[in-house]
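Each chain, letter by letter, is given below.
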There are 2 protein chains.
Amino acid sequence: MSEIRQLIQRMGRDGRAAAARLAFAATAEKDRALEAVAVALENDRQKIQQENEKDLAAGRERGLSGAMLDRLALTDARIDSMIAGVREVIRLPDPVGGTFDARERPNGLKICRMRVPIGVIGIIYESRPNVTVDAGALTLKSGNAVILRGGSEAINSNLALARAMSAAVAGAGLPSATVQLVPTIDREAVGEMLTAEKYIDLIIPRGGKTLIRRVVENSTIPVIKHYDGICHVYVDAAADLAMATEIALNAKLQRPGVCNAMETLLVSGAVAGEFLPSIGKRLEDAGVEIRGCERTCRLLESAKPATDEDWSTEYLDLILNVRVVDGLDQAVEHIEKYGSRHTDAIVTGNANTAKNFVCRVDSSSVMVNTSTRFSDGAQYGLGAEIGISTDKLHARGPMGLEELTIYKWVVTGEGQLRE
Amino acid sequence: MSEIRQLIQRMGRDGRAAAARLAFAATAEKDRALEAVAVALENDRQKIQQENEKDLAAGRERGLSGAMLDRLALTDARIDSMIAGVREVIRLPDPVGGTFDARERPNGLKICRMRVPIGVIGIIYESRPNVTVDAGALTLKSGNAVILRGGSEAINSNLALARAMSAAVAGAGLPSATVQLVPTIDREAVGEMLTAEKYIDLIIPRGGKTLIRRVVENSTIPVIKHYDGICHVYVDAAADLAMATEIALNAKLQRPGVCNAMETLLVSGAVAGEFLPSIGKRLEDAGVEIRGCERTCRLLESAKPATDEDWSTEYLDLILNVRVVDGLDQAVEHIEKYGSRHTDAIVTGNANTAKNFVCRVDSSSVMVNTSTRFSDGAQYGLGAEIGISTDKLHARGPMGLEELTIYKWVVTGEGQLRE
């Protein structure tokens, strides 16, 4: 057995043992451990930043872009924000242990489902070291053990953070293997994680499409993920056009580089003549490049013709596709064909049309008369978010603490036998 | 592109289109289609049996065992039972369309989760042709399209059943691609299904371990499954031994060949001296071979020593492992080490011990003072069962109609923007 395989299997076994303990840890125990983590991050701040400096120096040497280096940097403000994040998780309700769906069967058996942690969660992510702490805190609070595998460019930072967390958790009386980080940048470790189904119950990849594709293709463990967010706003014939304008601008411009930003604007032909020229001007003023269908290009001089590839591109940038559609049916068809099942919105004053859109658009979040940018765990009141899922299993859309749990059936009898 | 790939992709596209229609089909529409299926199975009975006869003849020629041929046979009674099963599904409540977890955010956004079908479900199974009808009925009622891939030995029977269903569904006004069966026995088709993630949302394999292993290793689509059921009954020091005896006998003998039958009996050392000789006699009388730990072998003359492999074997037969344990901790450790997370039971009169067992045993169903044989969708009141999951994602234990659905987030505003 290769050394890396041995390493991952040892981590897996330790994680499994930690998870068995965490499964019945009291909320107060978990919260004490989280507070110890917050304190440890404060105490180890200097050491963490020294290790982070090593990563930054190596990154500069390797010629990482300014944006990449910025994402990597653990400034004081970022460490403060990680610490605040851990304390926010302490305040969130513990999803574990409650029962639901209770029933009594005709034979007197009492049956219910009990909410329990998933077990051991593997998180595979790229450059931002804050994921180490965010994910560690959320998995701990939900009673799960975590095996973290960060990007090679952040290995020193991640190790410093994970060591601080693990020691703090152990000091608070829970297993140190509650939070583990793979200590090698060898890529073989990812392959070993993805097939360690005996020890890892769920993989959550966070990063670019290439990373996620690789994880899905090689994993024998369930994966929850989203590839990208190609989000649409459909402006219906019955829309309040002033509201539609503000929603579309917010969806595109409030933060263009994130997965719930709008990439394509669909406009009913009934209002395109009035709507497009006015919003086109405002988009142009904001520096947005418009790629349009034929009808759009006739209405907006500055628009370039959109290619078929454009409609299925997640720009994460100041570029917007615009298409004039005949009505709801064509809008729904377009979203079905080119969308990514992430978040899609309709602006309409017609309640029936809204209901139709909500029922027919098969996305993790469907919005009526508001901005796609609200598709977010904190905005939904989940308190925090481990990721967003566009899968159709287990959890869709923003995933908070409850989405890191599952149930088991508990059946209580008085000697009943099956006949 | 190979012909098989073209075939699966065409079926996938048709399934996707059917799912889009089914997602907003009214309950009455789905029930009408199911009634049409029941009538069609009755009307086509002779044709179905003729096709089944072809499979039986081919099976005899290939030297299939009597048990295999029996599983394959579509007797009148089995067709009656399939028809009755479809009508039972009509009577079950429709899980789709309800909303839950509604909340209003401080900014006035109204947020809820709406229960929706998963989409297109791929079912890969072995010999029993009744799965074709059972799975088709459950997926239809839950608003999903299904792509069925049955065993090669049942291909003619399955095609006859699927054709009858598909035509009936179309006659009732829903898409004929609601129920599709892969019409070739070429194994390449399974590989193509498992990587058609654009068209298939979930794979449910039903069959032996080898089949399931192959599916998991090759699928890029989420899989819900169980490998096997190594179910335990733990007789605690505080057990009512008469009750424990009846429960253990029921768990082992009521139907030994199924996944929720007991494979290992764990007995507290405090009561083993009293309990084992008496139950040993009754097990022996019932023809059960006992493989025991050292202490068991000392108490039961007829017991053979159990090997390490025995403890992790799903016999599905009149063989039982018996181990004397020091108490709850060792029982839980044994189940963690050798169990399959399916169903495990404790017999005890001590409520605290029961609670401890329930919290610490990480199985899809945990039972107190009753038989593992109750781990079953119908017994839990789910009405029907598409399978049992020992996974930690989405659904655990028996899966009924609700477990074939997921939710989407619905967000309704009045022009709210993200700041």
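Just so it is clear, the model here is predicted, and its values are computed rather than measured.

### A look at the relation of the copies chain B and chain A
- Once chain B has been moved 0.0 Å along the axis and rotated by 180°, it coincides with chain A to within an RMSD of 0.0 Å. Viewed as a symmetry operation, the transformation between the two copies matches a two-fold axis. Of every C-alpha in chain B, the one belonging to His 394 of chain B sits nearest the axis of rotation, 1.8 Å from it.
- Interface overlap between copies is the fraction of interface residues in one copy that are interface residues in the other; for chain B against chain A it reaches 100%, indicating a shared surface.

### Some remarks on the domain arrangement of chain A
- Along its sequence, chain A is carved into domain 1 (3–225 + 398–411) and domain 2 (231–374).
- For domain 1 of chain A and domain 2 of chain A, the distance between their C-alpha centroids amounts to 36 Å.

### What to know about the pairing of strand β3 (residues 120–125) of chain A
Residues and elements named next belong to chain A.
- Across the six residues of β3, six count as buried, placing the element largely inside the fold.
- The two faces of β3 match: Val 120, Gly 122 and Ile 124 on one face and Ile 121, Ile 123 and Tyr 125 on the other face are all buried.
- As defined by bridge partners, β3 adjoins strand β4 (residues 145–149) across five bridges and the pair is classed as parallel. Residue pairing for β4: Ile 124 is matched across the bridge by Arg 149.
- Assessed by its sense of winding, the connection that carries the chain from β3 through helix α6 (residues 130–141) to β4 is right-handed.
- Looking at chain direction, β3 and strand β6 (residues 202–206) are connected through five bridges and run parallel. Across the sheet, the residue bridging to Ile 124 is Pro 205, located in β6.

### Brief notes about the interface of chain B and chain A
- Listed per partner, the contact involves 57 residues of chain B and 57 residues of chain A.
- Every element with two or more residues in the side of chain B that touches chain A is listed here: α9 (209–218), α10 (241–253), α15 (351–360), β13 (365–370) and β16 (405–416) of chain B.
- Broken down by class, the residue content of the side of chain B that touches chain A amounts to 25 nonpolar, 17 polar and 15 charged.
- Taken together, the five bridges between strand β16 (residues 405–416) of chain A and β13 of chain B define a ladder with parallel strand orientation. If you follow Thr 412 of chain A over to β13 of chain B, its bridge partner there is Val 368 of chain B.

### Digging into the sheet that holds strand β1 (residues 99–104) of chain A
- Sheet architecture is open: 10 strands sit in the order β1(A)-β2(A)-β16(A)-β13(B)-β12(B)-β7(B)-β8(B)-β11(B)-β9(B)-β10(B), paired in mixed fashion. Each having just a single partner strand, β1 of chain A together with β10 (304–305) of chain B make up the two edges of the open sheet.
- Sheet analysis places strand β12 (residues 343–347) of chain B next to β13 of chain B, joined by four bridges and oriented parallel. Bridge assignment links Asp 344 of chain B to a residue of β13 of chain B, and that residue is Val 366 of chain B.
- Sheet strands touched by helix α11 (residues 269–285) of chain B: β7 (231–235), β8 (262–268), β9 (289–292) and β11 (319–325) of chain B. Its angle to β8 of chain B, the strand with the most contacts, is close to 145°.
- The strands touched by helix α14 (residues 328–338) of chain B are β7, β8, β11 and β12 of chain B; relative to β11 of chain B, the strand with the most contacts, the crossing angle is about 140°.

So, how was this worked out
Residues numbered from 1 in each chain as written. Chains lettered and ligands numbered in written order. Predicted model: local features only at pLDDT ≥ 70, side-chain atom pairs only at ≥ 80, totals over all residues. Least-squares fit on C-alpha atoms with pLDDT ≥ 70 in both. Contact = placed C-beta atoms within 7 Å. Domains from an automatic or database assignment. Buried ≥ 20, exposed ≤ 12 C-beta atoms within 10 Å, placed from the backbone. Helix = DSSP H or I, 4+ residues; strand = E, 2+ residues; numbered from the N terminus. Pairing = 2+ DSSP bridges. Right-handed = clockwise from strand over helix to strand, strands pointing away. Nonpolar A, V, L, I, M, F, W, Y, C, P; charged D, E, K, R; others polar. Axes fitted to C-alpha atoms, helices over the stretch in contact; angles between N-to-C directions.

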